[in-house]
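Secondary and tertiary structure notes
Here is how the chains run, residue by residue.
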Amino acid sequence: MSELIYTFASLAARTAQGQTCLDGMRALAAILHPRGVPITWIVSPESADIAKETLTEWHLAHGDEAAVELPALEGTYSEKKDYIEARRERVRAAVPWAELSVAGGVHCDPDIVTLLEQTGFEGIWGFCWEQIEVDDITDRGCPWGFYFMHPEDRLCPAAQRSVAAVPWLSHDLLKTYHCGLAPVYTNDPNDVARAGICSWEDTAYWDAFADNYHRNTRYNESVFLLQHQEAHEMECNARNHCYTPEDIQEAGIMLGRHVDYLLRKPGVRVMSLPDAVRQYRSSHSKTPASYMLWEDAPVRRPNPDYTWNTGVGPWPKTFLYYDCGAQMVFVDGQVQPVCIRNYANPWNNEDFYRERSVPRPRLVRNTQFTWRREIEFTIESPKAMPYGLALWGDYSLYQIGDAPGLLEGKILPRELLFLRYDLQPGENRFLVSLEGK
């Protein structure tokens, strides 16, 4: 049965004057543990050692887990490999019960995939979909969810099992794509509070956010919803003063309300981050196709002091898709994608795998028989590229029959028919038969 898998992670690596962010960690634990949510703490060797008794207590009582925080790596490949292994062993000395199968932080290193594979890690946390430059991270082009990382390109999904890329947090896919600024429409409490779209007991936007993720379990074997809050952002003291006590109280109230709303939904399963990565790796031998149909949620206009030069909706219903070869975005009513990120293209910080010219399809015929339908179309392409079509409408009475050349296809009942092809240079002609159920 399809399910929504919810995980909560917290970066808890900072130390100063021999102390770590235990006040913030306890604040998060007080919110999430009574609700049955284990926390995956992303720790440094220093913070793990300081907090080891508390981490062990929470592991035994609530199933909390640990991941290894990795800072920027320096030196030769061999030196970086030795450093990762030594750092994990230092964390293991503090929390010997931890699997430490997930790393966190340094996913931008060009050697990170092979480094993690050779050191026995199964996943790495920290990817930021559609993000450019914020926190010195530019990940635009990568998929929004879990994917297996290509050994030669960390942002490109692989056609074989490898290290699993794990998002930093989850985004509102529709608003994030259309507005152009990744940190605004997320499930980070500080993001939405600073943008003025959630506050204290007003978490209606987050409810709609959760509804969209939950609704898309209809179209996928599983959907991962990841939430994160940094532990040092939940305390205000001499070591950490990112936010005021009122900001921290507000964030805690919003988190509790959001988790309560989410866990009332059927088919929601809570996991630690290592368990979620393990399930993903055991379920797939390559990066699987992902289908997400997103409804625009009403929201107040964001605070321009936080979202300066950011587009404001409302925006049309949007369908998003990715597989090993491409990521595509479609808007309601338009058959061809508004964006194709072609993973055969080299990544650069201007196009981010994007095809600059997307061919338009031409409908040849749409013939309906008594209980069958045939749709034929042509696409003139200037080059070889991945391609998809979203035929908006109610195709729920059919199932996809004979369709030469079709790589992936899915009917989203009462919404659209999606067809995935690879184009060759010149004219491409395709015929898809729909058979009545």
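For the structure itself, look to the data block above.
Everything in this summary refers to the structure shown in the same document. Keep in mind the model is a prediction, meaning the values are calculated, not measured.

1. Topic: the nonpolar core
Grouped together as the largest cluster of nonpolar side chains are 108 residues, with contacts concentrated most on M25, W41, W125, M149, Y205 and Y213. If sequence neighbours within four positions are ignored, M25 has contacts with A12, W41, A51, L55, W58 and A231. Within the second largest apolar cluster, 32 residues are counted, among which are F319, I340, F430 and L434.

2. Topic: the packing of aromatic side chains
As enumerated under the stated definition, the model contains 26 aromatic pairs in all. Aromatic pair Y185 and Y205: ring centres 6.0 Å apart, planes at 65°, arrangement edge-to-face. Linking Y185 in the loop between α6 (173-179) and α7 (189-195) with Y205 in helix α8 (residues 204-215), this pair joins segments that are 20 residues apart in sequence. No difference in accessibility class separates Y185 from Y205, as the two residues are buried. An aromatic cluster of at least three residues, connected via ring pairs, comprises Y185, Y205, F209, Y213 and W294. Across the ring face of F369, the terminal group of R372 is positioned such that the distance to the ring centre comes to 4.3 Å.

3. With respect to the pattern of salt bridges
A complete count under the given rule lists 30 salt bridges for this structure. As a salt-bridge pair, R278 and E99 come within 2.1 Å of each other at their nearest N and O atoms. With R278 in helix α10 (residues 273-283) and E99 in the loop between α4 (77-94) and β6 (102-104), this pair connects stretches of sequence that are 179 residues apart. One salt bridge in this structure joins D139 and R154, with 2.9 Å as the shortest N-O distance.

4. Points about the pairing of strand β21 (residues 408-412)
Bridge count between β21 and strand β22 (residues 416-423): five bridges; the pairing is antiparallel. Note on β22: the bridge partner recorded for L412 is L416. The hairpin turn running from β21 into β22, its antiparallel successor, is three residues long, and R414 in that turn takes a positive phi close to 65°.

5. What about the sheet that holds strand β14 (residues 318-322)?
Spatially, four strands are ordered β13-β14-β15-β16 in an open sheet, and the strand pairing comes out antiparallel. The sheet terminates laterally at β13 (290-294) and β16 (339-342), the two strands that pair on one side only. The average undirected angle you get between the axes of adjacent strands in this sheet is 10°.

6. Looking at the side chain of K175
Summarising the element assignment, K175 is placed in helix α6. At 2.8 Å, the side chain of K175 forms a polar contact with the backbone oxygen of A297. Not counting the four nearest positions on each side in its chain, K175 is found in contact with Y185, Y205, D296, A297, V299 and W315.

7. With respect to helix α1 (residues 22-32)
Of the residues making up α1, those classed as buried are L22, G24, M25, L28, A29, I31 and L32. Residues of α1 that are buried make contact with β1 (3-11), β3 (19-20), β4 (39-43), α3 (52-62) and α9 (245-263).

8. Some details on the sheet that holds β21
One open sheet accounts for three strands, arranged β19-β22-β21; its pairing is antiparallel. At either margin of the open sheet sits one strand with a lone partner, and together these are β19 (385-392) and β21. Taken over all neighbouring pairs, the strand axes of this sheet differ in orientation by 15° on average, direction set aside.

9. Regarding the pairing of strand β5 (residues 65-69)
Counted residue by residue, β5 has five buried out of five residues, so it is predominantly covered. Relative to β6, β5 runs parallel, the two being bridged by two bridges. Each residue of the ladder has a partner; that of E69, found in β6, is G104.

10. Examining the packing of α1 against α9
The N-to-C vectors of α1 and α9 enclose an angle of 30°; their axes lie 9 Å apart at closest approach. In terms of their interaxial angle, α1 and α9 are classed as roughly parallel. You can see that α1 and α9 cross each other, and the crossing is right-handed. Contacts between α1 and α9 involve L28, I31 and L32 from the former and G252, L255, G256 and V259 from the latter. Class assignment for the residues of the contact of α1 with α9 results in five nonpolar, two polar and no charged.

Reading the values: the criteria
- Residues numbered from 1 in each chain as written.
- Predicted model: local features only at pLDDT ≥ 70, side-chain atom pairs only at ≥ 80, totals over all residues.
- Heavy atoms only, no water.
- Core = buried A, V, L, I, M, F, W, Y, C linked by side-chain atoms within 4.5 Å.
- Buried < 20%, exposed > 50% of the residue type's maximum accessible area, 1.4 Å probe, protein only.
- Contact = heavy atoms within 4.5 Å.
- Phe/Tyr/Trp six-rings, centres within 6.5 Å; stacked < 30°, edge-to-face > 60°.
- Helix = DSSP H or I, 4+ residues; strand = E, 2+ residues; numbered from the N terminus.
- Lys NZ or Arg CZ within 6 Å of the ring centre and 35° of its normal.
- Salt bridge = Lys/Arg side-chain N within 4 Å of Asp/Glu carboxyl O.
- Pairing = 2+ DSSP bridges.
- Axes fitted to C-alpha atoms, helices over the stretch in contact; angles between N-to-C directions.
- Polar contact = N/O pair within 3.5 Å; in protein donor to acceptor, adjacent residues only side chain to side chain.
- Parallel < 35°, antiparallel > 145°, perpendicular 65-115°, else oblique.
- Left-handed = near helix turned anticlockwise from the far one by under 90°.
- Nonpolar A, V, L, I, M, F, W, Y, C, P; charged D, E, K, R; others polar.

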